[in-house]
Amino acid sequence: HLFKVTDNYYLQAMQALTDFDKKALTYLAYTMWTDTGDWERYQKELPFLEEYRELFSEMKRDDYRQLIEMIDWQAFINANRVFLSGAEVLRKRVTEIRFDNKRPIVRNSRWGSFVIGSINNDVYDKSTRISFLIEPAGNDLYLNDFSTDFANPYYLVLDLGGDDVYRNRTIG
């Protein structure tokens, strides 16, 4: 329910943007703070950026400003408020649940995988794009990448215990 309500506001916020506009803003987000030395790593890990570079490198600041002004910022703020308040309610209430599953429970959604981890040591690899995770216990290993983009705009991880290792190896 949290993702569904959030998504309604988020889609409203972004409805004026075309796929081309979103690519331009993605290019801006990845390149506005990079220095020359970062570009090689970006090309290696994010090969789509080279295509975007050809498309958008000549765009001017005013062009980007026009795209940013197309976002419905009040709807975007509402999406964030819903998501953060829902996440806080979940964080407070999840400690009341007794978890006893021996393996992670995974359900796919339109936003990515929703996972309830196990009480054992779990390993999450790159094959699962997690959007929502409750991890109750165990010394878990995260090899998957946690990141967002226009297609998968949010994720929520509630890791309740354990001595875990996170290895987000790509640029988020």
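Parameters at a glance
Residues numbered from 1 in each chain as written. Predicted model: local features only at pLDDT ≥ 70, side-chain atom pairs only at ≥ 80, totals over all residues. Heavy atoms only, no water. Helix = DSSP H or I, 4+ residues; strand = E, 2+ residues; numbered from the N terminus. Buried < 20%, exposed > 50% of the residue type's maximum accessible area, 1.4 Å probe, protein only. Contact = heavy atoms within 4.5 Å. Areas by Shrake-Rupley, 256 points an atom, 1.4 Å probe, with all protein chains shown as cover. Lys, Arg positive; Asp, Glu negative; His and termini not counted. Charge placed at Lys NZ, Arg CZ, Asp CG, Glu CD. Pairing = 2+ DSSP bridges. Axes fitted to C-alpha atoms, helices over the stretch in contact; angles between N-to-C directions. Phe/Tyr/Trp six-rings, centres within 6.5 Å; stacked < 30°, edge-to-face > 60°.

Participant: I would appreciate a short explanation of the overall build of the protein in the present structure.
Facilitator: Broken down by element type, the protein carries six helices and seven strands. The linear arrangement of helices and strands in the protein, starting from the amino end, is α-α-α-α-α-α-β-β-β-β-β-β-β. Oriented by its inertia axes, the alpha-carbon framework of the protein measures out at about 55 × 35 × 25 Å. Across the 172 residues in the protein, those meeting the buried criterion constitute 35%. The contacts of the protein with a sequence gap of at least 6 include a subset with a gap of at least 24, amounting to 50%. With the model as given, the accessible surface of the protein reaches about 11000 Å², and the carbon-plus-sulfur share is 51%. A gap of 5 Å separates the mean positions of the 22 positive and 27 negative side-chain charges of the protein.

Participant: What's the story with the sheet that holds strand E6 (residues 156-159) in this structure? I'm lost.
Facilitator: In space, the four strands of this open sheet follow the order E1-E2-E4-E6, with mixed pairing throughout. Because the sheet does not close on itself, it has two edges, and the strands there are strand E1 (105-109) and E6. Sheet twist, expressed as the average angle between the axes of neighbouring strands with direction ignored, equals 15°. Pairing of strand E4 (residues 130-135) with E6 involves four bridges; the strand directions are parallel. Across the sheet, the residue bridging to Leu133 is Val157, located in E6. Those strands touched by helix H6 (residues 73-93) are E4 and E6, and its axis lies near 20° from that of E6.

Participant: Quick question: what am I supposed to make of the environment of Lys23 here?
Facilitator: Checked against the element boundaries, Lys23 lands in helix H2 (residues 19-31). Separated by 32 residues in sequence, Lys23 and Leu55 place their C-alpha atoms 9.2 Å apart. Those residues within four positions of Lys23 in sequence are excluded, and the remaining contacts are Glu51, Tyr52 and Phe56.

Participant: Would you explain the packing of aromatic side chains in this entry?
Facilitator: Two descriptors summarise a pair of aromatic rings, namely the distance from one centre to the other and the angle between the planes of the rings. Overall, the coordinates contain 21 aromatic pairs when judged by the stated rule. Each ring, one from Trp73 and one from Phe76, has its centre 5.4 Å from the other, and the planes form 80°; the classification is edge-to-face. Linking Trp73 with Phe76, this pair stays in helix H6, spanning three residues, or about one helical turn. Accessibility expressed as a relative area gives 39% for Trp73, which makes it partly exposed.

Participant: Teacher, can you tell me more about the side chain of Asn144 here?
Facilitator: Here Asn144 is to be found in the loop between strand E5 (141-142) and E6. In this structure Asn144 comes out as buried when scored by relative accessible area, which is 2%. Sequence-distant contacts of Asn144, defined by excluding residues within four places in its chain, comprise Tyr124, Asp125, Lys126, Thr128, Ile130, Arg167 and Asn168.

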